[in-house]
Amino acid sequence: MAGPGAATAAAAGGTLDYETVALSDDGKTVTLLDQRQLPHTVTYVHLTTAVAVADAIRSMVVRGAPAIGATAAYGLAIGATAAAAGHPSDDAAFRDDLAAAASVLRASRPTAVNLEWALDRLLRLVTPADGGGGGGGAKQSSPAAVAAALTADARAIAREDVDINRRMGALGAALLPPAARILHHCNTGALATVGHGTALGVIRSAYAADPGVSVWVNETRPRLQGARLTAWELAAAGIPHTLAVDSAAAVLLRDGRVDAVTVGADRVAANGDTANKIGTLAVAISAGHYNVPFYVVAPASTVDLACATGAGIPVEERGAEEVTHPCGGGGTDGVAPPGTRVFNPAFDVTSASLITAIVTEEGVARPPFSESLPPLVAAAAAKVQR
Ligand SMILES: CSC[C@@H](O)[C@@H](O)C(=O)COP(=O)(O)O
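Residues numbered from 1 in each chain as written. Predicted model: local features only at pLDDT ≥ 70, side-chain atom pairs only at ≥ 80, totals over all residues. Heavy atoms only, no water.

Some points on unusual backbone geometry
A cis amide bond links Leu 38 with the next residue in sequence, Pro 39, at an omega value of 10 degrees. One can find Pro 39 in the loop between strand 2 (30-33) and strand 3 (44-47). Backbone torsion omega between Arg 221 and Pro 222 reads -5 degrees, so that peptide bond is classified as cis. Structurally, Pro 222 is set in the loop between strand 5 (214-218) and helix 7 (225-237). Although it is not a glycine, Leu 224 sits at a positive phi angle of roughly 60 degrees. In this fold, Leu 224 is placed in the loop between strand 5 and helix 7. (Helix = DSSP H or I, 4+ residues; strand = E, 2+ residues; numbered from the N terminus.)

Quick look at the structure:
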């Protein structure tokens, strides 16, 4: 894995020179670009246990729904490989270790449904202990065979993600006017996925065809994904952009300086209600007020049809120090008096009524989403080879 370097701008629609998540050839090590160090340093962490991968997800070494999904899949794969090596012929012990790995990964972050989607997709490959039915797809028997099957499918999830993002990029770009001025919240680029990006993938694809495209980057309090990650990715791609504080979005929308808003998603409910980074709801309300189209860009794996409305989406609350010490500063250099009580939801849920369209890899869903989303999810599921 190579870092981007200051002057090695990747083509907007082409190959990137940084990689978010990778699995070693021997299937034993997950490598993650440490996003906590950006934009200052490009460093990688190398993880050899499912517990370490879960810790990395929880502590936001890696973040963004599809990237979290791929990382969890790789985490389960290395957990399975280690369990198979430890218990080559003890099926019960292997299964116990595998279940423990899945459980620690599943608990690492609650909102991005891609995490559980990826784990469930892999676990469908495991034959039930009684050898009976259930699940789907080709079943494996020995621990080594199960570990190999899980590893292959984890690699497939990562490979498919890049292709999915490119398809969403083309579909989303077609919605934008010439020389579009796009407002973007949080990070949805290659760092939030395995490559290209979701909402930022749309921007990459649009810019590749139209160099007049430009981006307003919301800084995205409190973890500053916009300032630290999105601005870094846009700079690397050479796409014109301007950073603004989150609270400037309403002014930009009011003044007619935005043609479209694009955001990603961590979970989309069956009715289209969409959980995304905190601050998204405020942008959507402003966009609706000023009649600016508001587009959600998310793969079908982010749509949770089992969740009827946004009320059922679990919203993660994170620690007070993210707000009181926004850049990770410790000691007494916080921005609030010591002991200040803090409310720090990591996500909010934007009502479907504020969303113009949801771009998936299988097509663009329009309201009513309860009718337009299920066929797209079914089409994506049908493509998963077993
Ligand atoms: C392509 S990803 C869309 C979302 O996952 C992204 O906007 C977001 O909310 C990321 O949140 P994070 O808390 O950084 O994991």
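Here we look at the sheet that holds strand 3
Spatially, three strands are ordered 1-2-3 in an open sheet, and the strand pairing comes out antiparallel. On the outer flanks of this sheet lie strand 1 (21-23) and strand 3, each paired with one strand and no other. Neighbour-to-neighbour, the strand axes of this sheet turn through a mean angle of 20 degrees, independent of strand direction. Pairing geometry for strand 2 and strand 3, over four bridges, is antiparallel. Its bridge partner being in strand 3, Leu 32 is matched across the sheet by Val 45. Helix 2 (residues 65-86) contacts strand 1, strand 2 and strand 3 of the sheet and is inclined by roughly 20 degrees relative to strand 1. (Pairing = 2+ DSSP bridges. Axes fitted to C-alpha atoms, helices over the stretch in contact; angles between N-to-C directions. Contact = heavy atoms within 4.5 Å.)

A look at the pattern of salt bridges
Counted by the stated rule, this structure contains 19 salt bridges. Note that Arg 36 is salt-bridged to Asp 34, the shortest N-O span being 2.9 Å. The class for Arg 36 is partly exposed, based on a relative accessible area of 34%. Connected through shared salt-bridge partners, Arg 109, Arg 223, Glu 316, Arg 318 and Glu 322 make up one network. (Salt bridge = Lys/Arg side-chain N within 4 Å of Asp/Glu carboxyl O. Buried < 20%, exposed > 50% of the residue type's maximum accessible area, 1.4 Å probe, protein only.)

Points about helix 7
Taking 1.5 Å of rise per residue, the 13 residues of helix 7 would be expected to cover 18 Å, and the 17 Å separating its terminal C-alpha atoms lies within 8% of that figure. When the local axis directions of helix 7 are compared, the greatest deviation, roughly 25 degrees, occurs at Ala 231. When you tally the buried positions in helix 7, you get 11 out of 13 residues, the bulk of the element. Within the sequence span of helix 7, burial applies to Gln 225, Gly 226, Arg 228, Leu 229, Thr 230, Ala 231, Trp 232, Glu 233, Leu 234, Ala 236 and Ala 237. Summarising the contacts, the buried residues of helix 7 are in contact with strand 4 (181-184), helix 6 (199-209), strand 5, strand 6 (241-244) and strand 9 (274-277). Looking at the residues trailing helix 7, positive phi occurs at Gly 238, about 75 degrees. (Expected span 1.5 Å × (residues − 1). Bend = angle between axes of the 7 residues up to and from the residue.)

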